[in-house]
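# A look at the structure
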Amino acid sequence: MPRTPAQLWEFLVSREGVEIWLGPGAELPSRRGASYETANGTTGEIRSFSAGEQVQLTWRPKDWDHDSTLRVAVGSAGQKATLRFQQEWPADAKERAEQRAYWTEVSERVIAALGER
């Protein structure tokens with residue numbers, strides 16, 4: 001990412017950043033056990049929150065019959081930041097492929113948004 005880890009984290013937890021990766025209308029709580037819901041019906045709960053580093057949460061779109069666990073982590077590679085989305089517990093290979101494509105698109109949207117700042 002074309003920013004420092006601190007700048008990337010600040011963007012990811014901002015209203016604009018949260019809407020890109022978590023969903024429209026969502027607010028990202030930082031307290032463990034806090035729940036969230038997006039405008040499109042995705043729900044979940046914060047499992048851990050380490051400011052500046054990572055957040056882990058459950059993630060369940062409204063049309064799923066199960067939760068998955070999502071980890072969003074920021075790191076560094078020299079002078080640039082790294083961003084990693086790791087999703088666990090997809091229902092099957094098809095859902096895993098769909099989610100891989102989704103998180104690739106989200107990463108591209110984050111990069112584009114940072115380029116406009």
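Scroll up a little and you will see the structure.
Conventions we followed
Residues numbered from 1 in each chain as written. Predicted model: local features only at pLDDT ≥ 70, side-chain atom pairs only at ≥ 80, totals over all residues. Heavy atoms only, no water. Helix = DSSP H or I, 4+ residues; strand = E, 2+ residues; numbered from the N terminus. Expected span 1.5 Å × (residues − 1). Buried < 20%, exposed > 50% of the residue type's maximum accessible area, 1.4 Å probe, protein only. Contact = heavy atoms within 4.5 Å. Polar contact = N/O pair within 3.5 Å; in protein donor to acceptor, adjacent residues only side chain to side chain. Salt bridge = Lys/Arg side-chain N within 4 Å of Asp/Glu carboxyl O. Pairing = 2+ DSSP bridges. Axes fitted to C-alpha atoms, helices over the stretch in contact; angles between N-to-C directions. Phe/Tyr/Trp six-rings, centres within 6.5 Å; stacked < 30°, edge-to-face > 60°.

### Quick word on helix H3 (residues 93-115)
Relative to the 33 Å expected for 23 residues at 1.5 Å per residue, H3 spans 33 Å between its end C-alpha atoms, a close match to the ideal helical length. All of the buried residues along H3 are Glu95, Gln99, Trp103, Val106, Ser107, Val110, Ala113 and Leu114. Its buried side turned inward, H3 meets helix H1 (5-12), helix H2 (15-21), strand S3 (54-59), strand S4 (68-77) and strand S5 (80-88). A distance of 3.2 Å separates the backbone nitrogen of Lys94 from a side-chain oxygen at the start of H3, and that oxygen is part of Asp92.

### Digging into the pattern of salt bridges
Scanning the entire structure with this criterion turns up five salt bridges. One salt bridge connects Arg60 with Asp67, and the closest N-O pair in it is separated by 3.7 Å. The class of Asp67 is partly exposed, set by a relative accessible area of 39%.

### Description of the side chain of Thr42
Mapping Thr42 onto the fold places it in the loop between strand S1 (35-37) and strand S2 (43-50). Note on Thr42: relative accessible area 6%, which makes it buried. A polar side-chain atom of Thr42 sits 3.5 Å from a polar atom in the side chain of Asn40. Apart from the residues within four sequence positions on either side, Thr42 is in contact with Tyr36, Glu37, Trp59, Arg60, Pro61 and Lys62.

### Remarks on the sheet that holds S2
The strand order S1-S2-S3-S4-S5 describes an open sheet built from five strands, whose pairing is antiparallel. Taken across any chain shown, the strands that pair with only one partner, and hence form the sheet edges, are S1 and S5. Neighbouring strand axes in the sheet, compared pairwise and without regard to direction, differ in orientation by 25° on average. One ladder, built from three bridges, connects S1 with S2; its direction is antiparallel. Each bridged residue has a counterpart across the sheet, and for Glu37 the counterpart in S2 is Thr43. Of the strands in this sheet, S2, S3, S4 and S5 are in contact with H1, which crosses S4 at around 150°.

### Quick look at the packing of aromatic side chains
Here the structure, examined in full by the defined rule, presents six aromatic pairs. Between Trp9 and Phe49 the ring centres are 5.6 Å apart and the planes differ by 65°, which places this aromatic pair in the edge-to-face class. In this pair, Trp9 is assigned in helix H1 and Phe49 in strand S2, connecting sequence segments 40 residues apart. Plain terms: the ring middles of Phe85 and Trp103 are 4.7 Å apart, the flat faces sit at 20° to each other, and that makes the pair stacked. Note that Phe85 is positioned in strand S5 and Trp103 in helix H3, a separation of 18 residues in sequence. Note on accessibility: Phe85 and Trp103 belong to one class, buried. In this structure an aromatic cluster arises from ring pairing among Trp59, Trp64, Phe85, Tyr102 and Trp103.

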